[in-house]
Amino acid sequence: MGIEFTRSERSTVGIEWELALVDRDTGELVSAADEVLQDLESPKGQPHPRITGELLLNTIELVSSVHHRVSDAVADLDAQLTEVRRVTDPRGIELIGSGSHPFGQWFDQPVANKARYHKLIERTQWWGRNMLIWGMHVHVGIEDRDKVIPILNSMLRFFPHLQGLSASSPYWGGIDTGYASNRSLMFQQLPTAGLPYQVADWAEFESYVEDMTATGTIDDYTEVRWDIRPSPHWGTIEVRFCDGASTHAELAAVASLIHCLVEHLSTLLDEGHELPTLPPWYVRENKWRSARYGLEATIITDRHGTERPVTDDIRDLVDSLAPIAERLGCADELASIPDIVASGGSYTRQQATAAENDGDLTAVVKALIGELRAGSVSH
């Protein structure tokens, strides 16, 4: 099976940001996506080109255009959020960015009326209905198809860095799960979701898709839901495992790190280097550690089993990528990452807010509403 990889301009960037709709007063999830999207249609009844729905009717997804700089992609999403608020504000609906809703219950959430979603739920049943989760996806343009698989495999070394920085789903159905990112472990229950197989090259990726298609596991490559995957239609690598960002600043910081890492690995390939990878068993362990402990995780950094705190590795990574960030125009965004490390990220703030309010998770939702409104967090 031949899969065409669209020619894409190198290191262009696009971001998808899933946001939850909540009641302004109660903090409960609101299943109003259909009405919101209808109000955003053009006078001729055409859907908004960039603002879409998702699996559940409590979700709005903002999708940026293709940009050269992360700041422009975030500004694009910010303008879309302003459009959404013109519709949601009069309805008493707020939005939050988080990997999970602190106390929402999956069985209360209606599914969007689309054939592909009904098919997913029919097949996956209980696990599919439990996908009460929100994330952010970052696409980075790859100019040469032969670079895609080596970069993808090497990017898995940075899974715990990115997951720790973005972790924002400590609560599930009103329970403190003890995980920084409960979303990460929930999403991998879907067929073809979770960590990618470290295939050798593009031909082996095509063989995987052919096998999955022939056996009826998927209809086409778009149903390969790996944490990091090739996106042939767009000519990108897509990093899909990060929890939903709670603030614009965190969205920009995590996207800038992804942007710089992909460009760094692409440059190493240009220079003739073989990109380093981790054995799959170390990658899987790092995923679990970062889901459980977030920025407090100790991670495995090389094939020899060397371990160190993920925060130390993040600080070194920010320093080493600074020249690339200058070149890509995201120096400020990358330089803000130590602020997230210092504060502990969204999951830490959510837990602190709950503790300050005697476990009242409504207060956590209100704090998330305020953070998204403010656009950043005061440290």
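Structure: see above.
Along each chain, numbering runs from 1 in the same order as the chain's sequence is written. Thresholds applied to this predicted model are a pLDDT of at least 70 for local features of residues and 80 or more for the giving and counting of side-chain atom pairs; totals over whole chains, interfaces and linings are not thresholded and use all residues. To obtain the side-chain values, all non-hydrogen atoms of the structure were included, while hydrogens and water were left out.

### Examining helix H7 (residues 202-214)
The line we're drawing: Counting from the N terminus, the helices are DSSP H or I runs at least four residues long and the strands are E runs at least two residues long. Under the convention used throughout, the expected extent of a helix is 1.5 Å for every residue step, that is, one less than its residue count. For every residue, the accessible area (1.4 Å probe, protein chains only) is compared with the maximum for its type, and the residue is labelled buried under 20%, exposed over 50%, or partly exposed between those bounds. By arc we mean the arc of the directions from the helix axis to the C-beta atoms, nothing more. Between two residues, a contact is recorded if the distance between any of their heavy atoms is within 4.5 Å.
Given a rise of 1.5 Å per residue, 13 residues ought to cover 18 Å, and the 18 Å separating the end C-alpha atoms of H7 matches this to within 8%. Taken together, the buried positions of H7 are Trp202, Phe205, Glu206, Tyr208 and Val209. On an axial view of H7, the arc spanned by its buried residues comes to 155°, and they lie on one face. The elements touched by buried residues of H7 are helix H4 (145-155) and strand E8 (228-231).

### Topic: unusual backbone geometry
With phi around 55°, Ser11 is a residue other than glycine that occupies positive phi space. Tracing the backbone through its elements, the reader meets Ser11 in the segment before strand E1 (13-23). One non-glycine residue, Thr192, lies in positive phi territory at about 65°. Secondary-structure assignment places Thr192 in the loop between helix H6 (182-187) and H7. By relative accessible area, Thr192 is classed as buried at 13%.

### Concerning the pairing of strand E9 (residues 236-243)
Defined as follows: Here, a strand pair is defined by DSSP locating no fewer than two bridges between the strands.
Burial within E9 is extensive, with eight of its eight residues counted as buried. Here strand E5 (residues 135-141) pairs with E9 via six bridges, running antiparallel. Within E9, the residue paired with Val138 across the bridge is Val239. Examined bridge by bridge, E8 and E9 share four bridges and lie antiparallel to one another. In the sheet register, Ile228 faces E9, and the bridge partner there is Val239.

### Describing the environment of Glu285
The residue Glu285 is located in helix H9 (residues 280-293) in this model. The spatial distance from the C-alpha of Glu285 to the C-alpha of Gly128 is 24 Å, given a sequence separation of 157 residues.

### A word on the packing of helix H2 (residues 70-88) against helix H8 (residues 248-270)
Each pair of packed helices can be summarised by the angle the axes make with each other and by the distance between the axes. Rule in force here: Fitted lines through C-alpha atoms serve as axes, helices being fitted only where they are in contact, and the angles separating the N-to-C directions of these axes extend from 0 to 180 degrees. Crossings are sorted by hand: turned counterclockwise from the far helix by less than a right angle, the near helix makes the crossing left-handed, and turned clockwise it makes it right-handed. Only Asp, Glu, Lys and Arg are considered charged in this grouping, and only Ala, Val, Leu, Ile, Met, Phe, Trp, Tyr, Cys and Pro are considered nonpolar; every other residue, Gly among them, is considered polar.
Contact geometry of H2 with H8 gives a least axis separation of 9 Å together with a crossing angle of 145°. Our pair here, H2 against H8, has a crossing hand that is right-handed. Within the contact between the two elements, H2 uses Val70, Val74, Leu77, Asp78 and Leu81 and H8 uses His248, Leu251, Ala252, Ala255, Ser256 and His259. Grouping the amino acids of the contact of H2 with H8 by side-chain chemistry returns seven nonpolar, three polar and one charged.

### Concerning the environment of His118
Which entries qualify depends on this criterion: Contacts described as polar in this section are N or O atom pairs within 3.5 Å, which, within protein, must combine one atom able to donate a hydrogen with one able to accept it, while residues neighboring in sequence count only if both atoms come from side chains.
Assignment of secondary structure puts His118 in helix H3 (residues 115-129). Residue His118 is classed as partly exposed on the basis of its relative accessible area, which comes to 39%. With 63 residues separating them along the chain, His118 and Leu55 place their C-alpha atoms 9.0 Å apart. For His118, the contacting residues outside a window of four places in its chain are Ala112 and Asn113. Among the polar contacts made by the side chain of His118, one reaches the side chain of Asn113 at a distance of 2.9 Å.

### Observations regarding the pairing of strand E4 (residues 93-96)
Sheet faces and side chains relate simply in a regular strand, where the side chains alternate between the two faces. Of the two faces of E4, both are covered, the one formed by Ile93 and Leu95 as well as the one formed by Glu94 and Ile96. Sheet topology note: the E1/E4 ladder contains four bridges and is antiparallel. Residue pairing for E4: Asp23 is matched across the bridge by Ile93.

### Thoughts on the pattern of salt bridges
Heads up, the condition is: Criterion for a salt bridge: a side-chain nitrogen of Lys or Arg within 4 Å of a carboxyl oxygen of Asp or Glu.
For the structure shown, the criterion picks out 25 salt bridges. For Arg24, the salt bridge goes to Asp89, with nearest N and O atoms at 4.0 Å. In this pair, Arg24 is assigned in the loop between E1 and helix H1 (33-39) and Asp89 in the loop between H2 and E4, connecting sequence segments 65 residues apart. Residues Lys147 and Asp270 are paired through a salt bridge, measuring 2.7 Å at the closest nitrogen-oxygen approach. Taken together, the residues span a long stretch of sequence, with Lys147 in helix H4 and Asp270 in helix H8 at a distance of 123 residues. Taken together, the shared-partner salt bridges in this structure form one network comprising Arg10, Glu143, Lys147, Glu263, Asp270 and Arg327.

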